[in-house]
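Structure at a glance
The primary structure of each chain is shown beneath.
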Amino acid sequence: MKNKVSVAVFTLINFVLSLNLFAQQSVKQEVAMADQMRADGKIWVVVAVISTLFVGIIAFLVSMDRKVSKLEKQLKK
Amino acid sequence: MKNNWWKIVAVILLSYTIYFGLMGTVPRRAILNESIRNVYFHVPMWFAMIAMLSTSVFNAVRYLRSNDLSYDIKSVEFTNVAILLGILGCATGSIWATFTWGDPWPNDPKLNSVAISMLMYFAYLILRGSFEDEQRRARISAVYNILAFSVFIPLIFILPRLTDSLHPGNGGNPAFSDYDMDSQMRRVFYPAVIGWALLGTWIATLRVRIRRVSEIED
């Protein structure tokens, strides 16, 4: 009898303690979070930074290009 | 070719930066992880911006000494490129901060100082737009430029050191050895600074030439 109770208590404690693990597992599997930027040693942050520089410089070049086109139009007149 | 060698140097240095910035070895640090490589891309923006602003002030002083409008054109175009670099520096800094400091714009003295400086230089452009007379515009904006620069330098170099900042090398009296850099990183970082400064100069000189042509046209 005593043995049965201790087995039940042991099982219950194990079950409660392992709930935590179940929870973690399900989070990992089911809930999609935007962890990509923190994955792979945050290398994607570097990629984002370099892309920002590229986009910024290209945008600036486009604005300069427009200026030159305007100038060319004036010269033709 | 004789006068364009520095443009080739700019391209070589920036290619070197991109290759070794991504492939080179970097110190392993918690939280920063691989994003420490942003030191090669985010920080040179500010160094190059300071180089552009110094050139701009130098030309503003030369204008005030000579009343030659060609110096005024150089002055404003170097400021324009400096503003571009400043905006890029803010944007890249925000991305980096989001994933390391947990906030795109933390309440950090360096960031707030930079925000004030950027506003000062936006005001410079607005000020220029409000004058009709060329000489008057050039004179007043040259004086404002000198004022803005002499506020900018204490704002970003001195004030953040008087308090605590998230940026390395701030708070206290740091030397460069306080940065999270080893000699391997310096070998990429310094060429990156020179490369970006040269690229900025290249863009600025292009804009100066465009403006010169448009003024002849007028």
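Here the structure is shown first, and the text comes after it.
The rules behind the values
- Residues numbered from 1 in each chain as written.
- Chains lettered and ligands numbered in written order.
- Predicted model: local features only at pLDDT ≥ 70, side-chain atom pairs only at ≥ 80, totals over all residues.
- Heavy atoms only, no water.
- Helix = DSSP H or I, 4+ residues; strand = E, 2+ residues; numbered from the N terminus.
- Buried < 20%, exposed > 50% of the residue type's maximum accessible area, 1.4 Å probe, protein only.
- Areas by Shrake-Rupley, 256 points an atom, 1.4 Å probe, with all protein chains shown as cover.
- Contact = heavy atoms within 4.5 Å.
- Buried area = accessible area lost by both parts, 1.4 Å probe.
- Salt bridge = Lys/Arg side-chain N within 4 Å of Asp/Glu carboxyl O.
- Polar contact = N/O pair within 3.5 Å; in protein donor to acceptor, adjacent residues only side chain to side chain.
- Core = buried A, V, L, I, M, F, W, Y, C linked by side-chain atoms within 4.5 Å.
- Expected span 1.5 Å × (residues − 1).
- Patch = residues over 30% accessible without salt bridge, like charges linked within 9 Å, V, L, I, M, F, W, Y side chains within 5 Å.
- Lys, Arg positive; Asp, Glu negative; His and termini not counted.
- Charge placed at Lys NZ, Arg CZ, Asp CG, Glu CD.
- Axes fitted to C-alpha atoms, helices over the stretch in contact; angles between N-to-C directions.
- Parallel < 35°, antiparallel > 145°, perpendicular 65-115°, else oblique.
- Left-handed = near helix turned anticlockwise from the far one by under 90°.
- Nonpolar A, V, L, I, M, F, W, Y, C, P; charged D, E, K, R; others polar.
- Phe/Tyr/Trp six-rings, centres within 6.5 Å; stacked < 30°, edge-to-face > 60°.
- 1 Å grid on protein atoms, 1.4 Å probe; cavity = no way out; pocket = protein on both sides within 12 Å on 5 of 7 lines; lining within 4 Å.
- Points joined across faces, edges and corners; volume = space filled by probe spheres on them.

**Describing the overall build of chain A**
What chain A contains, in helices and strands, is two helices and zero strands. Across the 77 residues in chain A, those meeting the buried criterion constitute 14%. Accessible surface computed for chain A: about 6,500 Å², of which carbon and sulfur atoms make up 67%.

**Description of the interface of chain A and chain B**
Chain A puts 22 residues into the contact, and the matching count from chain B is 30 residues. For the pair chain A and chain B, the summed buried surface comes to about 2,400 Å²; carbon and sulfur atoms form 79% of the total. Summed over the three residues of chain A that lose the most area to chain B, namely Lys42(A), Leu53(A) and Phe60(A), the buried surface amounts to 23% of that side. Summed over the shared surface of chain A and chain B, the number is zero salt bridges. Across the contact surface, chain A and chain B share four residue pairs in polar contact (both at pLDDT 80 or more).

**A word on the side chain of Arg37(B)**
Within the secondary structure layout, Arg37(B) lies in the loop between α1 (5-23) and α2 (43-66). Of note is the side chain of Arg37(B), whose polar atom sits 3.0 Å from the backbone oxygen of Gly21(B). Look past the residues within four positions of Arg37(B) in its chain and what remains in contact with it is Ile43(A), Val46(A), Phe20(B), Gly21(B), Leu22(B), Met23(B), Gly24(B) and Val26(B).

**Observations regarding the nonpolar core**
Counting 58 residues, the largest nonpolar core has Val39(B), Met49(B), Tyr121(B), Phe152(B) and Trp196(B) as its most contacted members. Among the secondary structure elements, those contributing two or more residues to this core are α2 (43-76) of chain A together with α2, α3 (69-100), α4 (109-129), α5 (134-162) and α6 (183-217) of chain B. By residue number, the principal contributor to this core is α3(B), which donates twelve residues. Sequence-distant contacts of Phe152(B), that is, excluding residues within four places in its chain, are made with Met49(B), Ile50(B), Leu53(B), Ser117(B), Met120(B) and Tyr121(B).

**Overview of α2(B)**
Helix length check: α2(B), at 24 residues, gives a terminal C-alpha distance of 35 Å against a target of 34 Å (1.5 Å per residue), a fit within 8%. Just downstream of α2(B), Asn67(B) is the residue with a positive phi angle, here 60°.

**Digging into a negative patch on the surface**
Residues and elements named next belong to chain B. The grouping of Glu-132, Asp-133, Glu-134, Glu-215, Glu-217 and Asp-218 at the surface amounts to a negative patch. Within the element layout of this structure, Glu-215 appears in helix α6. Classification of Glu-215 as partly exposed rests on a relative accessible area of 36%.

**Things to note about the packing of α2(B) against α3(B)**
Residues and elements named next belong to chain B. Relative orientation of the contacting elements α2 and α3 amounts to 160°, with a least axis distance of 8 Å. The angle between α2 and α3 falls in the class roughly antiparallel. Crossing hand, α2 versus α3: left-handed. When grouped by side-chain class, the residues that make up the contact of α2 with α3 number 16 nonpolar, eight polar and three charged.

**Focus on the packing of aromatic side chains**
Residue and element names in this part refer to chain B. Applying the stated criterion across every chain yields a total of eight aromatic pairs over all chains. When the centroid spacing of 6.1 Å and the interplanar angle of 85° are considered together, the rings of Tyr-121 and Phe-152 count as edge-to-face. Pair noted here: Tyr-121 is in helix α4 and Phe-152 is in helix α5, with a separation of 31 residues, a long-range link. For Phe-152, a relative accessible area of 1% corresponds to the buried category.

**Thoughts on a nonpolar patch on the surface**
A surface patch of nonpolar side chains, amounting to about 450 Å² of accessible area, comprises Phe54(A), Val55(A), Ile58(A), Leu61(A) and Val62(A). Within the secondary structure, Ile58(A) sits in helix α2.

**Brief notes about empty space enclosed by the protein**
All names here are of chain B. Scanning the entire structure with this criterion turns up one cavity of 30 Å³ or more. Here the largest cavity is characterised by a volume of approximately 70 Å³. Counting residues per element, the ones that place at least two in the lining of the largest cavity are α3, α5 and α6. Here the lining of the largest cavity is built from residues that sort into three nonpolar, no polar and six charged.

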